[in-house]
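Next come the chains, spelled out residue by residue.
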Amino acid sequence: MMTIIPFIYKFLHKPEEQLPCYLIRTTPGVERVVMESLHLNSHIQQDTKGPRYCPSIESRVLRFPGRSHQVWLEPEGMTSELLYPQGLSMTLPPDQQLRLLREIPALQRVEIQTPGYGVQYDFVCPTQLSPSLQVNRVQGLFLAGQINGTTGYEEAAAQGLWAGVNAGRTAVSLPALALSRTQSYIGVLIDDLVGLGVTEPYRMFTSRAEFRAALRPDNADLRLSVRGFEEIGCVSATRYKEAVRVRDNLTDALSALQSISMSAPRWKERLKDVNISESKSSLLSALEVLQYKGVTFEMLTSGLPEPFSAYLELSQRLKIEAVYRPHCEMQQREMERIREEESLALPQDRSERCWTEFVLKLLELPPVYQELPLLLLFTSFNMSIEQGEGKAQRDEQTTRDAAL
Ligand SMILES: Cc1cc2nc3c(=O)[nH]c(=O)nc-3n(C[C@H](O)[C@H](O)[C@H](O)COP(=O)(O)OP(=O)(O)OC[C@H]3O[C@@H](n4cnc5c(N)ncnc54)[C@H](O)[C@@H]3O)c2cc1C
């Protein structure tokens, strides 16, 4: 049994009591029941299209015939005798569900408390939302979760938090806020939804974030807690104080690690088992040495108690930071480019005239300009629209003056 201990904030409750889950597998009998009952199934027949996430056992059998699929038996609660068969969601008639379950040796005498069922729901196309999750055409209405075409607890919770923050700000006449996709998974999620829309229930994967090496659980407090307290007011003072204390100590510890440099042979003397090439001519900082496989912050502390021992509580975070830092630094320029593009406000006038003019202007450009980033093109377009509008106002003014 595994106990998960959140290492960023020790003051968060950690789960004490745990119950075991059991892993079982489907048998050819399960597949047989599915195939024999397809004609009774209103949700799934020969159509194997549908959500890819948490697929029903019928979809899994149809998509991957002849295989054994894993099923987790999860206790429903500390005091419950019920088990939830994770991996066996299905929409067969209840008597067929019981038949199917009993095809698995571990479930030969199982009884069903609540049969599985299918859900169909509609959603609002999320491209109709602003990055604050407000419906563009209905000011004051904010949407979050499944209604925006996502699926998942975390996806719904993240949007609920952000829609709530912005609904609250709007209610007290504060401007809505957006989160950058370079700064958080919530930023990636919302940017994908409102920018691209959805073609299937959207799930947040780390692979959707360009800068996932920087969006790590170990630095979530540095990325978001301080901002959450200072700018938004959705983070408690206790959590904020802890985040600031950790941030300041990490900064000091990283400077201390960078301030000590030695030649490779001298590091090798202190860290005998570490694979540092002695032929390296330049000096190596302690931060660079911490990047090496097998080097821990504790090892550096034992060789150089001053100034490192003060930061022992951060040893795990410092190791992670040291390993990821070179990669994140390489991505810095790309991150800044994306932030610049994110901060570009589209003209309020999104009428057909405006967009037609934009497209016509793009088509007028000589091929060489097609290589330019969209940002530059858009900036010049904005300028010309503003100039055009200024001219229109001046023309109107002249006409009115003439009329007077
Ligand atoms: C069987 C099942 C298993 C799942 N397992 C997982 C899983 O393991 N992991 C995972 O990440 N996700 C899982 N999901 C998906 C996840 O539960 C949903 O994507 C998520 O809960 C959606 O959250 P939501 O807040 O958008 O909607 P909901 O949780 O559906 O909340 C909507 C709420 O609005 C209420 N409501 C509806 N109409 C009205 C009205 N007119 N007036 C007032 N209230 C109204 C509803 O009663 C409901 O409480 C599962 C879903 C199902 C059905």
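All figures in this text were calculated on a predicted structure; none of them were measured in a lab. (Residues numbered from 1 in each chain as written. Predicted model: local features only at pLDDT ≥ 70, side-chain atom pairs only at ≥ 80, totals over all residues.)

### Some remarks on helix 3 (residues 94-101)
Point 1. By the burial criterion, the buried members of helix 3 are Gln97, Leu100 and Leu101. With its buried residues spanning 95° around the axis, helix 3 presents them on a single face.
Point 2. Taken together, the buried residues of helix 3 touch helix 1 (28-37). (Buried ≥ 20, exposed ≤ 12 C-beta atoms within 10 Å, placed from the backbone. Helix = DSSP H or I, 4+ residues; strand = E, 2+ residues; numbered from the N terminus. Arc of directions from axis to C-beta. Contact = placed C-beta atoms within 7 Å.)

### What about the site of the ligand?
Point 1. Residues in close proximity to the ligand include Cys54, Val119, Gly145, Gln146, Thr151, Gly152, Tyr153 and Ala156, which together make up its full environment.
Point 2. Tallied by class, the residues present in the shell around the ligand amount to four nonpolar, four polar and no charged. (Near = placed C-beta within 6 Å. Nonpolar A, V, L, I, M, F, W, Y, C, P; charged D, E, K, R; others polar.)

### Brief notes about helix 5 (residues 185-196)
Point 1. Across its 12 residues, helix 5 extends 16 Å between first and last C-alpha, which sits within 8% of the 16 Å expected from 1.5 Å per residue.
Point 2. A large share of helix 5 lies buried, amounting to nine of its 12 residues.
Point 3. The complete set of buried residues in helix 5 reads Tyr185, Ile186, Gly187, Val188, Leu189, Ile190, Asp191, Leu193 and Val194.
Point 4. Looking at the buried side of helix 5, the elements it contacts are helix 4 (153-171). (Expected span 1.5 Å × (residues − 1).)

### Some words on the packing of helix 4 against helix 5
Point 1. The interhelical angle for the contact between helix 4 and helix 5, taken along N-to-C directions, is 90°, at an axis separation of 10 Å. It follows from the interaxial angle that helix 4 and helix 5 lie roughly perpendicular. Of helix 5, the residues touching helix 4 (which contributes Glu155, Ala158 and Trp162) are Ile186, Leu189 and Ile190.
Point 2. Taken together, the residues of the contact of helix 4 with helix 5 sort by class into five nonpolar, no polar and one charged. (Axes fitted to C-alpha atoms, helices over the stretch in contact; angles between N-to-C directions. Parallel < 35°, antiparallel > 145°, perpendicular 65-115°, else oblique.)

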